[in-house]
Amino acid sequence: ISINGLAQVKHVVLVLSGKGGVGKSTITTELALALVHAGKKVGILDVDLCGPSIPRMLSVGKPEVHQCDAGWVPVYADPQQKLAIMSIGFLLEDSDEAVIWRGPKKTALIGQFVSDVAWGELDILLVDTPPGTSDEHLAVLENLRKHRVDGAVLVTTPQAVSTGDVRREITFCKKTAVKILGIVENMSGFVCPHCSECSNVFSKGGGEELAKLTGSVFLGSVPLDPLLTATLEEGRDFLQAFPESSTYTAISQIVNTVLSSLDA
Amino acid sequence: MADVPNDAPEHCPGTSSDQAGKSSACQGCPNQNICASGAAKAPDPAIEEIRQKLTSVKHKILVLSGKGGVGKSTFSAHLSHALASDDSKEIALLDVDICGPSIPKIMGLEGEQVHQSGSGWSPVYVEDNLAVMSIGFLLSSPDDAVIWRGPKKNGMIKQFLRDVDWGEVDYLIVDTPPGTSDEHLSIVQYLSGAGIDGAVIITTPQEVSLQDVRKEIRFCKKVKIPVIGVIENMSGFVCPKCKNTSQIFPPTTGGAQRMCEELNLPLLGRVPLDPRIGRSCDEGRSFLTEVPDSPAAVAYQNIVQKIRDYSSSHSTPDDPC
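Just so you know, the residues in each chain are numbered from 1, in the order the chain's sequence is written. Written order determines the labels here, with chains lettered from A and ligands numbered from 1. Selection of residues for local features in this predicted model requires a pLDDT of at least 70, selection of side-chain atom pairs for listing and counting requires 80 or more, and totals for whole chains, interfaces and linings are taken over all residues. As a rule here, side-chain values come from all non-hydrogen atoms in the structure, and water together with hydrogens is ignored.

Here's the deal with the overall build of chain B
Assigned secondary structure in chain B consists of 11 helices and 12 strands. The globule rule is 2.2 Å times the number of residues to the power 0.38, and the radius of gyration it is compared with is taken over C-alpha atoms. Whereas a compact globule of 321 residues would reach a radius of gyration of roughly 20 Å, chain B reaches 20 Å, a difference of no more than 12%. Oriented by its inertia axes, the alpha-carbon framework of chain B measures out at about 70 × 45 × 45 Å. Per-residue burial over chain B gives 60% buried out of 321 residues. Whether two residues are in contact is decided by their heavy atoms: any pair within 4.5 Å suffices. A fraction of 73% describes how many contacts in chain B between residues 6 or more apart in sequence connect residues 24 or more apart. Summing over all exposed atoms, chain B offers an accessible surface of approximately 12,700 Å²; the carbon and sulfur share of this is 47%. Secondary structure is summarised from DSSP: a helix means a run of H or I of at least four residues, a strand means a run of E of at least two, and numbering begins at the N terminus for each. Buried means the residue's accessible area, taken with a 1.4 Å probe over protein chains only, is under 20% of the maximum for its type, while exposed means over 50%, and partly exposed covers the values in between. Each accessible area is a Shrake-Rupley result for a 1.4 Å probe, and residues are judged covered by the shown protein chains and nothing else.

Regarding the UniProt feature "binding site: ATP" (unreviewed entry) in chain A
All names here are of chain A. UniProt positions are given in the numbering used here, feature names are shortened, and annotations may be inferred rather than shown by experiment. Look at the UniProt record and you will see "binding site: ATP" (unreviewed entry) annotated at Gly18, Lys19, Gly20, Gly21, Val22, Gly23, Lys24 and Ser25. In this structure, Gly18 sits in the loop between β1 (9–16) and α1 (24–37). Note on Gly18: relative accessible area 8%, which makes it buried. What Gly18 contacts, discounting residues up to four positions off in sequence, is Pro131, Gly132, Asp165 and Glu169. When you line up the elements, Ser25 lands in helix α1. A residue is classified by how much of its surface remains accessible, and Ser25, at 12% relative accessible area, is buried. Ignoring sequence-local partners within four residues, the contact set of Ser25 consists of Ser53, Ile54, Met57 and Asp128.

Section: the UniProt feature "binding site: [4Fe-4S] cluster 2" (unreviewed entry) in chain B
In this numbering, the UniProt entry assigns the feature "binding site: [4Fe-4S] cluster 2" (unreviewed entry) to Cys239 and Cys242 of chain B. Structurally, the position occupied by Cys239 of chain B is in the loop between β10 (237–238) and β11 (245–246). On the basis of relative accessible area, Cys239 of chain B is assigned to the buried category, the value being 1%. If you trace the backbone, Cys242 of chain B turns up in the loop between β10 and β11. Judged by its relative accessible area of 25%, Cys242 of chain B is partly exposed. The contacts of Cys242 of chain B, once residues within four sequence positions are left out, are Cys192, His194 and Cys195 of chain A.

Here we look at the sheet that holds strand β12 (residues 267–270) of chain B
Residues and elements named next belong to chain B. When DSSP finds at least two bridges between two strands, those strands are taken to pair. Read across the sheet, eight strands follow the order β5-β6-β2-β7-β1-β8-β9-β12 without closing on themselves; strand pairing throughout is mixed. Across the chains shown, the open sheet's two edge strands, defined by having one partner strand only, are β5 (124–127) and β12. Across the sheet, the axes of successive neighbouring strands diverge by a mean angle of 20°, strand direction being ignored. As paired elements, strand β8 (residues 198–203) and strand β9 (residues 227–232) share five bridges and run parallel to each other. By the bridge assignment for β9, Ile202 is matched with Ile231. This element, helix α8 (residues 255–263), spans β8, β9 and β12 of the sheet and lies at about 155° to β9. Angular values range over 0 to 180 degrees, each being the angle between N-to-C directions of two axes fitted as lines to C-alpha atoms, with helices fitted over their stretch in contact.

Some points on the packing of helix α2 (residues 46–53) of chain B against helix α5 (residues 150–163) of chain B
Residue and element names in this part refer to chain B. Contact pair α2 / α5: the axes reach a minimum separation of 8 Å and the direction vectors enclose 35°. Contacts between α2 and α5 pair Ala46, Glu49, Ile50 and Lys53 from the former with Lys158, Leu161, Arg162 and Asp163 from the latter. Here the nonpolar group is Ala, Val, Leu, Ile, Met, Phe, Trp, Tyr, Cys and Pro; Asp, Glu, Lys and Arg are the charged ones; every other residue, Gly included, is treated as polar. Grouping the constituent residues of the contact of α2 with α5 by class yields three nonpolar, no polar and five charged.

Some details on helix α4 (residues 135–144) of chain A
Among the 10 residues of α4 of chain A, nine are classified as buried, and the element is accordingly described as predominantly covered. Restricting attention to buried positions, one finds in α4 of chain A the residues Asp135, Glu136, His137, Leu138, Ala139, Val140, Leu141, Asn143 and Leu144 of chain A. Each element contacted by the buried residues of α4 of chain A is listed here: β1, α3 (103–115), β7 (122–128) and α5 (160–175) of chain A together with α5 and α6 (182–190) of chain B.

Considering the interface of chain B and chain A
Facing the 64 residues of chain B at the interface are 57 residues of chain A. Reported buried area values correspond to the accessible surface (1.4 Å probe) lost by two parts on association, with both partners' losses combined. Of the roughly 5,000 Å² buried between chain B and chain A, counting both surfaces, carbon and sulfur atoms make up 56%. Its largest share of buried area at the contact with chain A, chain B owes to Ile147, Arg149 and Lys215 of chain B, together 13% of the area lost on that side. Throughout this description, the term salt bridge denotes a Lys or Arg side-chain nitrogen within 4 Å of a carboxyl oxygen of Asp or Glu. At the junction of chain B and chain A, the tally comes to six salt bridges. A salt bridge links Arg149 of chain B to Glu142 of chain A; the nearest nitrogen and oxygen atoms lie 2.5 Å apart. Whenever a nitrogen or oxygen atom comes within 3.5 Å of another N or O atom, the pair is scored as a polar contact, on the condition that within protein one atom can donate a hydrogen and the other can accept it, and that pairs from neighbouring residues in sequence are kept only if both atoms are in side chains. Put simply, chain B and chain A have 28 residue pairs in polar contact (both at pLDDT 80 or more) between them. Going through the elements one at a time, α4 (103–106), α5, α6, α7 (207–222), β11 and α9 (275–283) of chain B are the ones with two or more residues in the side of chain B that touches chain A. Element by element, the count of residues in the side of chain B that touches chain A is highest for α7 of chain B, at nine residues.

Re the domain arrangement of chain B
Split into domains, chain B comes out as domain 1 (16–44) and domain 2 (55–313). A separation of 35 Å is found between the C-alpha centroids of domain 1 of chain B and domain 2 of chain B. Those domain boundaries reflect an automatic or database domain assignment.

Side note on the pattern of salt bridges
Throughout the structure, instances matching the rule amount to 22 salt bridges over all chains. For Glu207 of chain B, the salt bridge goes to Arg214 of chain B, with nearest N and O atoms at 2.9 Å. Across the pair, Arg214 of chain B and Glu207 of chain B agree in class, each one buried. A single salt-bridge network, built from bridges that share partners, covers Asp94 and Glu97 of chain A together with Arg218 and Lys222 of chain B.

Looking at the UniProt feature "binding site: [4Fe-4S] cluster" (unreviewed entry) in chain A
This chain's UniProt record puts "binding site: [4Fe-4S] cluster" (unreviewed entry) on Cys192 and Cys195 of chain A. Looking at where Cys192 of chain A falls in the secondary structure, it is placed in the loop between β10 (190–191) and β11 (198–199). Taking the relative accessible area as the measure of exposure, Cys192 of chain A reaches 1% and is therefore buried. Every residue in contact with Cys192 of chain A, bar those within four places of it in the chain, is listed here: Glu197 of chain A together with Cys239 and Cys242 of chain B. By the element assignment, Cys195 of chain A lies in the loop between β10 and β11.

Structural data, given as structure tokens:
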């Protein structure tokens, strides 16, 4: 019999940014896959209600969400049931349908996602969030308070326009007493596949500077990798497909650092 | 139309919500009886006030996406610069991204403050004919977080539309956050009296972006905003060394082109990825004046011309432009 809610979830980690389009869902997906490969049981709670990206990234397009005695059954990305997911993407009849909800309605559904999903036994629950510091973020924290929040991973791209928003997210974490596990600098340089020249498409170094400025741990940089983007489009496992790549190395290092800080 | 009175409790659903006066959060609120009686659900008088205030604004254009980080603020800023390059036009740029206001930085206006006068709030002027308003100007520190629920964000947007002294304006450009939520509903509702010419939709080529953008297009249809067209941003990267093109954000499902064909919408243009765009934005300078001959700048100018053409052909009958 599954126990509902988070009673058997060992660790909860939020993936935040403040800025849109920096790779929160990408990093959440890759962290989840890396953790599964490391033998962990993982859950992803996708609280981006307007733009849920997780279902496609793990190619679980249109399964049905069932109810059991203990609540909603999450969707499993794999037959061994090592990776459980809940997203509004699974509840929409038509994937092009817009979810045009104001704050209170979003808050209510997120409450249900936290408390009424039969997550079962998990080593880590990752929470993917939309950009900002608003209803979704407050709702998730209010509902997680009864259990625990181990901390947050913040994602930024190198440029100032991005770190400018992430600074505000850091303030949000401080104000809501969420521990910052560290900052990831995503889209950090592009290596041309034709000539190997590295271009700083979205500038350089901003994530590391932000970590220094705010006294946070710098978890590492992930490069702009068209192979990563392409595998996410197709919902394939990038880590299995390209284990020799520098992107794989970067992600593995980030996962190891996060795991050490959770076990500490 | 969710409005939160100053004396409302923390989880106030808004005076125009179906739950007004009835939700558990309403217990003890001094306005509870008024809300429960339905008296607060009359059409918001601000809509008419805003209609009157904006009669001096000829064209109102929203910049939307659905997806974050595709270049809405970048495009809004540069559209404003391009339109303002005609000295005879007055341009206004309104940033309604309350949690993540990027416009002050991109326009080189960080640290500027807003002044209040008898006729309302004065926007900040970048040029004589280019005025900007953003919550960024109301924050005292770059670390300040705006941790507001929907109803409070809506109130701010209402103030931006009703209380800012825009003056005579040819184009009001409204930059939005990603999504289809409070900010978007509020902009549409508060402008329902004044009218919106149309929306420009920004996307990047990949399906992860397009799937959110299709929802935004449905939103526009639902609230009856005409879609001027779609822009595909970050469309290919030309290596500065070997000049080969890479699709960093690959159009695995046909990109914006196929989506526009399927939805019968104009594709206004494709803008390539150029590291100099990001750099200009970080430095608060217009990319169009920094590198005017770059393929990206040329693409932008072509798109801006299409927007000008759309606006002139969609003027109201009594509008001389």
